[in-house]
Amino acid sequence: MLEVHADKGAVSINKAINTQEVAVKEKHARTCILGTHHEKGAHTFWAAVNRLPLSSNAVLCWKFCHVFHKLLRDGHPNVIKDSMRNKADLTDMSRMWGHLSEGYGKLCSIYLKLLITKMEFHIKNPRFPGNLQMSNRQLDEAGENDVNNFFQLTVEMFDYLECELNLFLGVFSSLDMSRSVSVTAAGQCRLAPLIQVILDSSHLYDYTVKLLFKLHSCLPADTLQGHRDRFQEQFKKLKSLFYRSSNLQYFKRLIQIPQLPENPPNFLRASALSEHISPVVVIPAESSSPESEHVVETEDLVDTDVPALPAAVETTFDDLFGTSAAIDPFNFNSQNGMRKDDKDRLIEQLTREIEALKEELESFRLESGRLCQALRGRVSELEAELAEQSHLRLQAAGESEFLKAELEDLRRVREDTEKEQRSLTEIEKKAQANEQRYTKLKEKYTELVQSHADLLRKNAEVTRQMTVARAAQDEVEEVRREMQEKVKSAQEVAERQERDQLHQLQELQRELVSNRVELESLKTTMASSQQASSEVLSTQLVALETEKAELVQSLSKVEAELAVRGEELERVQSSLATERESGVKMAEALQNQLNEKESREQALESQLVAARWSSLQGAVEEAEKIIQDSLAQIDDPAHISCTSSADYLASRCQASLDCMERLHSAGEAFLADNTGVSDLVRVVTQCGHLVGDTIVQGSATSHMVPVEQADALSESVKACGAEALALLGQMKQQDSLAAADDSKLRAALEAILATAEKLRPRGLELQQGELGDLVEQEMAATSAAVESAAARIEEMLNKSRAVDTGIKMEVNERILASCTELMQTIKELILSSKDLQRDIVEGGRGAASMKEFYAKNSRWTEGLISASKAVGWGATVMVDAADLVVQGKGKFEELMVCSHEIAASTAQLVAASKVKADKDSAKLHRLQHASRGVTQATAAVVASTKSGKSQIEETDTMDFSSMTLTQIKRQEMDAQVMVLELETRLQKERERLGELRKKHYELAGVAEGWDEGEEGTG
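The structure presented is a predicted model; accordingly, all values stated were derived computationally and were not measured.

Conventions adopted
Residues numbered from 1 in each chain as written. Predicted model: local features only at pLDDT ≥ 70, side-chain atom pairs only at ≥ 80, totals over all residues. Heavy atoms only, no water. Helix = DSSP H or I, 4+ residues; strand = E, 2+ residues; numbered from the N terminus. Buried < 20%, exposed > 50% of the residue type's maximum accessible area, 1.4 Å probe, protein only. Contact = heavy atoms within 4.5 Å. Areas by Shrake-Rupley, 256 points an atom, 1.4 Å probe, with all protein chains shown as cover. Salt bridge = Lys/Arg side-chain N within 4 Å of Asp/Glu carboxyl O. Expected span 1.5 Å × (residues − 1). Polar contact = N/O pair within 3.5 Å; in protein donor to acceptor, adjacent residues only side chain to side chain. Phe/Tyr/Trp six-rings, centres within 6.5 Å; stacked < 30°, edge-to-face > 60°. Lys NZ or Arg CZ within 6 Å of the ring centre and 35° of its normal. pLDDT = per-residue confidence, 0-100. Disulfide = S-S within 2.5 Å. Core = buried A, V, L, I, M, F, W, Y, C linked by side-chain atoms within 4.5 Å. Axes fitted to C-alpha atoms, helices over the stretch in contact; angles between N-to-C directions. Parallel < 35°, antiparallel > 145°, perpendicular 65-115°, else oblique. Left-handed = near helix turned anticlockwise from the far one by under 90°. Nonpolar A, V, L, I, M, F, W, Y, C, P; charged D, E, K, R; others polar.

Engineer: Which parts of the structure should I look at to understand the overall build of the protein?
Structural biologist: Secondary structure summary: the protein contains 29 helices and zero strands in total. Counting over 1018 residues, the protein shows a buried share of 35%. Partitioning the intrachain contacts of the protein with sequence separation of at least 6 by distance along the chain shows that 79% fall at a separation of at least 24. For the protein, the accessible area works out to roughly 60100 Å², and carbon and sulfur atoms hold 54% of it.

What follows is the structure, encoded as structure tokens:
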């Protein structure tokens, strides 16, 4: 069922929105509206519309706007929500059609803006239905009883009604009102949407009036002045448009347009709300739209009237006479049975019916004649429309050519825009890539620093392990030596025991041999003396045998003891061999551990060397990037506005040269011992920063010097950057680090320093002795000038008392008295300044002399000299101005300006004295007290001068009683000319004063070195 409704709705949409320049047919629009209620949305509508070429046909787009307006008013509430998805497309289409200045294109642009405004209004205010029909209670609920909501709602209604009026005016301005355009199809095509506009406008007008009365009851009238002005403007337009629309023949048949009152409501009178009558638009039920008439006039005109008469006659005849034969009055079989009166009544009735049928037939004839006349008029209208269509076709052809050309321009513009967008995207991508690269480099640098710290910690750990390993190795050597000594001592003991045993064995053998010899001798003796005495021999023999047995027994004992000693010797030898083998194994294990520790130490040492070199390379690369960035800044157009001074450039060059000395020393130390890489890394980074800063400051200084010197300085700066990059390139390679030569970079920096010294201001260069003497001379000269000024003021006061009388004498005495008081305070200020300077010099010079202290602090000394000069000069000029004022030849303004100048000069002197003073110094407090006294005295001089000026001016009253009208007019013109001249001169003098102050500040800054330590690029 839904598919059937969708197909039927799509067909109706295509029939309602077509390229024919005729009004939208009501039946097709009604089908579209019913379709939104069936599907509870506008998905089918937009699906069909998106396939239509709305951007290429203005009539098609116009009829789409008409149908869409009807859907927003009478369709399902979800139509507004579903249509907001296409708001961007409608906005683009409105902008596209807005390029046309006439025809349907301009009207489509205005209509689309109205529809977008309507959708936005209903989205912001969902309580308002699409047809804007609300009761007073619903209107109050829409504002939630909040005056701010009512205020904003009124503004949105004004904007909404403004779009409605713009479409009204656009349609009327596109029609030729001298012709009867409302009866032509083309005119009706343009006028048909205004019915929806009239319906919306009447409601918006009514709600606006009620909301304005409500706002005036809550807010002041002045706050709502803008609302009232805007309402009156829209009221005039709406009243005029309603009046013009009610006079058109087209609207008379379709809609009853209300008439607005003669005058707008008076919102300042609350009772006027009761006089307000809400405008009501009435649409007749029989012809609610122009499309129904077109259906009658253009479709089946012949078939609607010709068969209508027989059908009506036949129906009436059947109703009167019936169709049954039983009740047929013309059935003659039963005629005789009827009475005469019945026949007469029947005849009369038939006669009346015949007369009625004749009248109806006549009316049908008249109606057919009217229809024929209408057809003839329709034919003439169609001919006129045909001619207009031909004209519009030619016009459309011209417009199409114009649109083609404009489309080509738009395509070119779009291509250029796309190219710019692509280039912008590429630039953004490059910027993002650079940002990411910078972030990565920063992370890499952080990682290098972290790894460097880790390697330093590892180096310390390795050093500690090496120390432990060396201690262990020493212990192993000591154990080895002890084992060797023990083995050696054991061997010596074993050898000594073995020698002792051998010696004993030899002694025993010698005793045995001797005994054997004795035994042999005894046997010989016995054999020789056997014969002498057998008893003696037997006795001796027994003794000898006994002795022999004893000897044999002792020999066996010695042999047993010798066997025991041999076993002990073997046991000692086996234990010595075992101990020797265990000692050798232990020595081999300790040697293996020592070798492993040595290899590990060598690996860690190689890693530490690699880490040191990588950290050095990272520092060198960072320095290269800094210098490259500085060189890139020189070519940056934004750098042209940056300026610097020669003094600051010289300080940067000197710092760079000092850093180069440290770089040279650190490089030599690193080559001698590569463990000191941290000092070299630190110096390389600092050197990169200082050289880069020198390059930037050199370029900035070149913007403040003449062209030739600027070119030379720029070349020197670029050469310095190139030499720095070359030196860093050599330091990046491990092979060329020893051959890195910094003499060229140092020469380039010295060249920049020499150029900076040449560019430094020479105006206040003095010798040490001259600078110290000049301070004392200027302070003395200032004191003398103040004393002389005070004496002159006293002399002028006495002279004025002798010559002047009355008000003039009183004014002169007051002015001179205030000047005298000012001179006294200045004198006290100078004395306080001298004491404070003496205190500063005594506290800061140390063992140096006063002149050496002044020369050492030349900038501060020059500031004191300048301030002293300014005070003395101001006092002299003020006395001269006072003298002229007393004589009546000067101006009071000069005296006031001199007073202000003296105040400024004394403030400069105080500031110059406070620079090096201790903040707790009693003399500094005394100087500040004296400065406040000078300020008060200056104010007294200005006040007395102003008072005296006003008294003098009061005495010179202007008397115009004796002047004629012509003379007064003449003087009035002269006075106006004088006023204009003085205003012009005042403006020029103010500009000149500003330039003078600016130039004075620049010269004073260059000469006295103000903010020297803070100078840099702008």
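Engineer: Would you mind going over the pattern of salt bridges with me for this structure?
Structural biologist: Note that side chains of opposite charge can pair when their charged atoms are close. With the rule as written, the count across this model stands at 25 salt bridges. A salt bridge links E162 to K237; the nearest nitrogen and oxygen atoms lie 3.7 Å apart. With E162 in helix α9 (residues 147-174) and K237 in helix α12 (residues 225-246), this residue pair connects regions lying 75 residues apart in the sequence. Taking the relative accessible area as the measure of exposure, K237 reaches 26% and is therefore partly exposed. D693 serves as the salt-bridge partner of R652, at 3.5 Å between the closest nitrogen and oxygen.

Engineer: How should helix α2 (residues 26-39) be read in this particular structure?
Structural biologist: For the α-helix, the turn length of 3.6 residues means that residues three or four positions removed from each other point alike. The first and last C-alpha atoms of α2 sit 20 Å apart over 14 residues, in line with the 20 Å expected at 1.5 Å per residue. Taken together, the buried positions of α2 are occupied by E26, H28, A29, C32, I33 and T36.

Engineer: When you look at helix α20 (residues 677-702) in this model, what are you seeing that I'm missing?
Structural biologist: For α20, built from 26 residues, the straight-helix expectation of 38 Å at 1.5 Å per residue is met to within 8% by its first-to-last C-alpha distance of 37 Å. Of all 26 residues in α20, 20 are buried, a share of seventy percent or more.

Engineer: What is the right way to look at unusual backbone geometry in this model?
Structural biologist: Backbone geometry follows two general trends: most residues other than glycine have a negative phi, and most peptide bonds adopt the trans configuration. A positive phi angle, close to 65°, is found at L132, a residue other than glycine. Taking the relative accessible area as the measure of exposure, L132 reaches 0% and is therefore buried. Phi is positive for E144, close to 55°, though the residue is something other than glycine. Tracing the backbone shows E144 in the loop between α8 (136-143) and α9. What makes E144 exposed here is its relative accessible area of 53%.

Engineer: How do you make sense of the side chain of R228 when you look at a structure like this?
Structural biologist: Its place among the elements puts R228 in helix α12. Among the polar contacts made by the side chain of R228, one reaches the main-chain carbonyl oxygen of A221 at a distance of 2.9 Å. A polar contact of 2.4 Å, which involves the side chain of R228, links it to the side chain of Q225. With sequence-adjacent residues up to four places away left out, R228 is seen in contact with H216, A221, F267 and L268.

Engineer: How do you make sense of the environment of K758 when you look at a structure like this?
Structural biologist: Relative to the helices and strands, K758 is located in helix α22 (residues 743-759). For K758, a relative accessible area of 69% gives the class exposed.

Engineer: Explanation requested: the packing of aromatic side chains in the structure shown.
Structural biologist: Aromatic ring pairs are reported here in terms of the distance separating the ring centres and the angle at which the planes meet. On inspection of all chains with the given rule, the structure shows 18 aromatic pairs. Centroid distance Y250 to F251: 5.3 Å. Interplanar angle 70°. Geometry classified as edge-to-face. We note that Y250, like F251, is buried. Through a chain of ring-to-ring contacts, three or more aromatic side chains come together here, namely Y205, F213, F231, F235 and F267. Between R190 and the ring centre of Y104, over which it is positioned, the NZ or CZ distance is 4.4 Å. Sitting above the plane of the F150 ring, K214 keeps its charged end 5.5 Å from the centroid.

Engineer: How should I be thinking about the confidence of the model for the protein in this particular structure?
Structural biologist: Interpreting fine coordinate detail is not advised for predicted regions of low pLDDT. Chain-level statistics for the protein give a pLDDT mean of 77 and a share of 82% at 70 or above. Long-range and interchain partners of residues 762-769, a stretch whose pLDDT sits below 50, account for nine contacts in this model, where long-range means more than four residues apart. Low pLDDT (under 50) marks residues 1007-1018, which in the prediction has 31 contacts with non-local residues, meaning those over four places away or in another chain.

Engineer: So what exactly am I meant to see when it comes to the environment of A58 here?
Structural biologist: Inspection of the secondary structure puts A58 in helix α4 (residues 58-74). Judged by its relative accessible area of 18%, A58 falls in the buried class. It is 8.8 Å that separates the C-alpha atoms of A58 and L107, two residues lying 49 residues apart in sequence. Beyond its immediate stretch of four places on either side in the chain, A58 contacts W97, Y104, G105 and C108.

Engineer: Help me understand the state of the cysteines, please; the structure alone is not making it clear to me.
Structural biologist: Any covalent bond linking the sulfur atoms of two cysteines counts as a disulfide. Under the counting rule described, the total for this entry stands at zero disulfides. The thiol of C65 is not disulfide-bonded; the next cysteine sulfur, from C61, is found 4.3 Å away. On the basis of relative accessible area, C65 is assigned to the buried category, the value being 0%. Not part of a disulfide, C108 finds its nearest cysteine sulfur in C61, a span of 3.9 Å.

Engineer: Please explain the nonpolar core as it appears in this structure.
Structural biologist: One recurring pattern in soluble globular proteins is that nonpolar side chains are buried together. Judged by nonpolar contacts, the single largest core of 93 residues is most densely connected at I17, F45, F64, F128 and F251. For this core, the leading source of residues is helix α11 (residues 194-216), giving 13 residues. Apart from residues no more than four positions distant in its own chain, F251 is found in contact with L191, L194, I195, I198, S245 and I257. Listed in part, the 44 residues of the second largest apolar core include A666, V681, L690 and V717.

Engineer: What exactly am I supposed to notice about the packing of helix α21 (residues 707-732) against α22 here?
Structural biologist: Packing of α21 against α22 brings their axes to within 8 Å, and their N-to-C directions diverge by 155°. With respect to each other, α21 and α22 are oriented roughly antiparallel. The element α21 and its partner α22 pack so that their crossing is left-handed. Contacts between α21 and α22 pair Q709, L713, S716, V717, C720, E723, A724 and L727 from the former with K744, L745, A748, L749, I752, T755 and L759 from the latter. In terms of residue class, the contact of α21 with α22 is made up of 10 nonpolar, three polar and two charged.

Engineer: I would appreciate a short explanation of the packing of α9 against α11 in the present structure.
Structural biologist: Each pair of packed helices gets described by two things: the angle between the helix axes and the distance between those axes. Where α9 contacts α11, the two axes come as close as 9 Å, and the packing angle between them is 150°. On the basis of the axis angle, α9 is roughly antiparallel to α11. For the pair α9 and α11, the sense of crossing is left-handed. Taken together, the residues of the contact of α9 with α11 sort by class into 20 nonpolar, three polar and three charged.

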